[in-house]
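Results of the structural survey
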Amino acid sequence: MPLKLPHRIISYNTVKHSSSRAFKPLKDGKPYDVIVVGGGHAGTEAACASARTGADTLLLTQKLSSVGEMACNPSFGGIGKGHLIREIDALDGICARICDKSGVQYKILNRKKGPAVWGLRAQIDRKLYKQLIQETLLSYPRLTVMEGSVENLLLHQPDMDTNTHTCKGIILGDGNAIEASKVIITTGTFLRGAINIGLETRSAGRMGDEPSVGLAKIIEDCGFRMGRMRTGTPPRIDKSTIDFSKCQIMRGDDNPTPFSFMNSKVFIEPSQQMLCHMTHTNKNTHKIIEDTMHLNYHIREESGTAPRYCPSIESKILKFKDKNSHQIWLEPEGFDAPLIYPQGLSCTMPAEYQQQLVNTIVGLEEAKITQPGYGVEYDYIDPRQLKQTLETKLIHSLYFAGQINGTTGYEEAAAQGLVAGVNAACSVLDCPPLLLNRTDSYIGVLIDDLTTLGTKEPYRMFTGRAEFRMSLRPDNADIRLLDKGKASGCLSKERIDRVHRNMTTLDRAKEILQNDVRKNSKWIALLGHSLPQHKSFSAYRLLSLSRISLEDISKHVKDVGHLLETPQLANRLKIDAEYSLYLEKQEACMAEINREAALIIPDDLDLFSLEGLSNECREILEQAKPGNLAAASRLPGMTPSALFVLLGAIKTSKFTKIVQSTIR
């Protein structure tokens with residue numbers, strides 16, 4: 001049965017022949033190939049990706065001045081999120097390069113663990129980032145940027161033998177229609193958005209911006225399953241009123257690592273980086289929160305699901321009643337910005353109590369709030385209604401990307417925007433789509449999680465969601481995604497050439513090191529290090545040892561020392577070597593798991609007693625309750641190492657039961 005259009009949905013055929021509505025085509029009289037609705041992080045990446053792939057693209061935004069706005073935290077990246085930024089850059093997205101030109105501090109998080117889970121992160125100058133985004137978009141080939149509010153969709157009536165409509169463009173608030181072959185909706189938190197402060201609630205997509213009510217009703221009338229989500233942002237604090245001497249200094253890295261593979265360094269010198277600071281809440285802070293819960297609509301009402309992995313300070317106090325303090329990071333909003341963003345202090349109590357709360361914190365005793373924190377409620381669509389390309393299953397040629405799909409964060413939004421933009425353009429140009437999966441990228445994990453599992457809470461990326469994180473590292477994203485990027489046409493020749501050069505250099509160095517095999521005693525004499533007990537080692541195997549550097553080896557192996565002049569490539573070779581043995585073991589583990597796939601998982605197996613099983617994997621197994629190892633291996637988020645732990649536990653349980661029955 002074809003979808004029956006509600007009366008509010010405007011038929012393309014009706015509008016096309018109506019004299020009361022005006023069409024706004026391209027200058028040459030043709031419709032646009034792709035229209036992108038929304039100028040946030042999903043929208044800007046979608047528009048540039050579509051245009052870069054070869055489609056004539058229009059970006060529509062409610063306010064041109066808000067394009068590229070960092071509406072919440074003044075930072076990009078982090079654990080898991082930094083992987084997404086690297087992959088966006090590998091597919092020629094714009095945000096990584098702009099972060100490299102607008103950061104005030106750069107730091108790699110999670111260094112205590114291996115490079116596979118390092119989190120590239122940057123504090124960003126809000127004003128500079130937005131300026132550079134707007135400059136990029138306004139000069140981007142095949143891209144037009146226009147101000148306008150979208151209130152309706154143009155839908156083509158299907159033939160009698162089809163069961164889906166086709167989106168043919170949009171209707172603006174002034175009644176004018178704009179035709180396009182594809183439409184991408186990236187409205188963020190604007191769909192029926194509402195802001196909550198204390199018991200006060202008002203309609204807004206974010207502070208100072210009107211919500212998108214008409215479009216939300218249209219999407220709902222089209223038959224999409226929708227839900228409601230919540231998020232929040234902390235108060236902004238006058239920088240001059242903070243006593244930073246009482247807070248812990250948090251410095252950037254001595255040698256900042258750029259996000260983009262196209263850059264060898266960031267735009268500022270290490271010594272020019274700004275400082276961040278850390279302080280903590282205390283019992284007095286928590287008492288104010290507890291005493292004002294009855295005045296906090298956003299926390300009391302269950303009108304939408306709140307984020308679990310980036311909760312408000314009120315949610316932390318409710319959930320972790322035994323904790324006497326929580327960390328608060330004081331982050332600068334720019335080189336000349338007068339404000340500080342208190343990361344970790346998102347709250348929605350009445351503004352006067354927010355001021356009292358801030359003043360209980362060490363270093364903030366005299367601090368003044370310039371804008372109160374607030375909560376946001378908004379509509380989202382169930383992402384299981386999307387294809388892997390992010391085109392909707394219900395309506396052809398209509399795509400959704402960003403927070404409208406239930407995600408949270410700039411990075412998740414930008415990743416979806418890029419995928420939707422490339423695929424919309426590929427569909428118009430009859431090119432192969434960009435289909436990313438769980439084995440080749442974190443973006444693939446993100447999209448697979450959304451489109452197969454859906455989400456009941458704001459979805460954010462972290463490394464624990466990826467099964468093959470040893471191979472999905474931040475350092476190799478350009479090589480991992482090269483072939484798919486080339487096939488879809490979204491990569492520039494400059495980027496393709498650079499990746500090929502890097503691959504050739506690394507492959508040649510790896511070959512030299514692998515072919516140089518010497519006796520253990522010889523290497524010990526040359527390097528002066530004790531080595532594992534083996535008869536012989538290749539130089540590549542030596543490089544896998546943490547205490548052996550490429551500089552050490554280059555003194556005794558010809559034709560690899562030149563890599564030291566390019567630290568990024570030297571580091572990549574070292575990381576490749578370090579993970580080579582782990583990846584070999586992983587392949588062996590997966591082979592054994594495949595052989596034992598039919599093993600039944602005992603109902604009485606105590607998952608919480610299994611050492612080596614992460615909390616995320618325990619939760620996945622508890623919820624899914626797979627019957628055998630094969631079913632467990634198909635669960636999103638189950639890593640090879642977790643499956644191997646599970647395999648060992650099943651065998652141990654089976655052996656124990658055999659022994660017990662024998663004794664009886």
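Before any of the text, the structure's been laid out above.
Residues numbered from 1 in each chain as written. Predicted model: local features only at pLDDT ≥ 70, side-chain atom pairs only at ≥ 80, totals over all residues. Heavy atoms only, no water.

1. Some words on empty space enclosed by the protein
To keep it simple, the criterion reads: Both site types are read off a 1 Å grid over the protein atoms alone. A 1.4 Å probe that fits but cannot get out defines a cavity, while an open set with protein on both sides within 12 Å along at least five of seven lines defines a pocket; lining residues have an atom within 4 Å of a point. Grid points are joined across faces, edges and corners, and a volume is the space filled by probe spheres set on the points. To qualify as a helix, a DSSP run of H or I must reach at least 4 residues; to qualify as a strand, a run of E must reach at least 2; elements of each kind are numbered from the N terminus. The nonpolar class holds Ala, Val, Leu, Ile, Met, Phe, Trp, Tyr, Cys and Pro. Asp, Glu, Lys and Arg form the charged class, and all remaining residues, Gly among them, are polar.
Applying the stated rule across the entire model yields 1 cavity of 30 Å³ or more. Taken as a whole, the largest cavity holds about 40 Å³ of empty space. Taken together, Tyr106, Lys107, Ile108, Leu120, Arg121, Asp253, Pro256, Thr257 and Phe259 make up the full set of residues lining the largest cavity. Of the residues forming the lining of the largest cavity, the biggest block, 3 residues, is contributed by strand E5 (residues 103-109). Its residues assigned to classes, the lining of the largest cavity comprises 5 nonpolar, 1 polar and 3 charged.

2. Considering the sheet that holds E5
Think of a sheet as strands paired side by side through backbone hydrogen bonds, with each pair either parallel or antiparallel. Keep this limit in mind: A strand pair is defined by DSSP finding two or more bridges across the two strands. Only the stretch in contact is used when a helix axis is fitted, and all axes are lines through C-alpha atoms; the angle between N-to-C directions ranges over 0 to 180 degrees.
Judged by pairing direction, the sheet is antiparallel, and its 3 strands sit side by side in the order E4-E6-E5 without closing on themselves. Across the chains shown, the open sheet's two edge strands, defined by having one partner strand only, are strand E4 (75-77) and E5. When the angles between neighbouring strand axes are averaged without regard to direction, this sheet yields 15°.

3. Here's the deal with the packing of helix H11 (residues 410-429) against helix H12 (residues 442-453)
The line we're drawing: Roughly parallel here means an angle under 35 degrees, roughly antiparallel means over 145, roughly perpendicular means 65 to 115, and every remaining angle is called oblique. Two residues form a contact once any of their heavy atoms are found within 4.5 Å.
Where H11 contacts H12, the two axes come as close as 10 Å, and the packing angle between them is 90°. The pairing of H11 with H12 is recorded here as roughly perpendicular in orientation. Across from Glu412, Ala415, Gln416 and Val419 in H11, the residues of H12 making contact are Ile443, Leu446, Ile447 and Leu450. Of the residues in the contact of H11 with H12, the class split is 6 nonpolar, 1 polar and 1 charged.

4. Points about the pairing of strand E16 (residues 276-280)
Quick note on the threshold: When a residue's accessible area, from a 1.4 Å probe over protein chains only, is under 20% of the maximum for its type it is buried; when over 50% it is exposed; and in between it is partly exposed.
With respect to burial, E16 is a largely interior element, 4 of its 5 residues being buried. As paired elements, strand E15 (residues 248-250) and E16 share 3 bridges and run antiparallel to each other. Note that in E16 the partner of Ile249 across the bridge is His277. One ladder, built from 4 bridges, connects E16 with strand E17 (residues 327-332); its direction is antiparallel.

5. Remarks on the side chain of Glu331
We apply this condition: Whenever a nitrogen or oxygen atom comes within 3.5 Å of another N or O atom, the pair is scored as a polar contact, on the condition that within protein one atom can donate a hydrogen and the other can accept it, and that pairs from neighbouring residues in sequence are kept only if both atoms are in side chains.
In this fold, Glu331 is placed in strand E17. Since its relative accessible area comes to 3%, Glu331 is described here as buried. Separated by 3.0 Å, the side chains of Glu331 and Arg121 make a polar contact.

6. Some details on the side chain of Asp516
Positionally, Asp516 belongs in the loop between helix H15 (493-515) and strand E23 (517-519). Take Asp516: its relative accessible area is 16%, and that puts it in the buried class. Separated by 2.7 Å, the side chains of Asp516 and Arg518 make a polar contact. Apart from residues lying up to four places away in sequence, Asp516 is in contact with Trp523, Phe537, Ser538, Ala539 and Val557.

7. Side note on the packing of aromatic side chains
What counts, and what does not: When two rings of Phe, Tyr or Trp (its six-membered ring) have centres within 6.5 Å they constitute a pair, described as stacked for plane angles under 30 degrees, edge-to-face for angles over 60, and tilted for the intermediate range. Only Lys NZ and Arg CZ are tested; either one counts as a charge over a ring when it is within 6 Å of the ring centre and within 35 degrees of the ring normal.
Taken as a whole and assessed by the stated rule, the structure comprises 5 aromatic pairs. Here the aromatic rings of Phe76 and Tyr129 are separated by 5.2 Å at their centres, their planes lie at 35°, and the arrangement is tilted. Of the two residues, Phe76 is situated in strand E4 and Tyr129 in helix H5 (residues 126-138); the sequence distance between them amounts to 53 residues. Overall, the relative accessible area of 0% leaves Phe76 in the buried class. Residue classification places Tyr129 among the buried positions, given a relative accessible area of 1%. Cation over ring: Arg86 sits above Phe261, and NZ or CZ is 4.5 Å from the ring centre.

8. Structural notes on the sheet that holds E16
Taken in spatial order, the 6 strands of this open sheet run E15-E16-E17-E18-E14-E19, and their pairing is antiparallel. For this open sheet the edge positions go to E15 and strand E19 (369-371), each flanked by a neighbour on one side alone. Neighbouring strand axes in the sheet, compared pairwise and without regard to direction, differ in orientation by 35° on average. Relative to strand E18 (residues 339-343), strand E14 (residues 236-238) is paired through 2 bridges, and the arrangement is antiparallel. Bridging from a neighbouring strand, Asp238 pairs with Leu339 of E18.

9. Some details on the environment of Val358
You can see Val358 is positioned in helix H10 (residues 351-358). Through-space distance from the C-alpha of Val358 to that of Ile195 is 21 Å; in sequence the pair is 163 residues apart. Apart from residues lying up to four places away in sequence, Val358 is in contact with Pro235, Ile237, Leu345, Leu364, Ala367 and Ile369.

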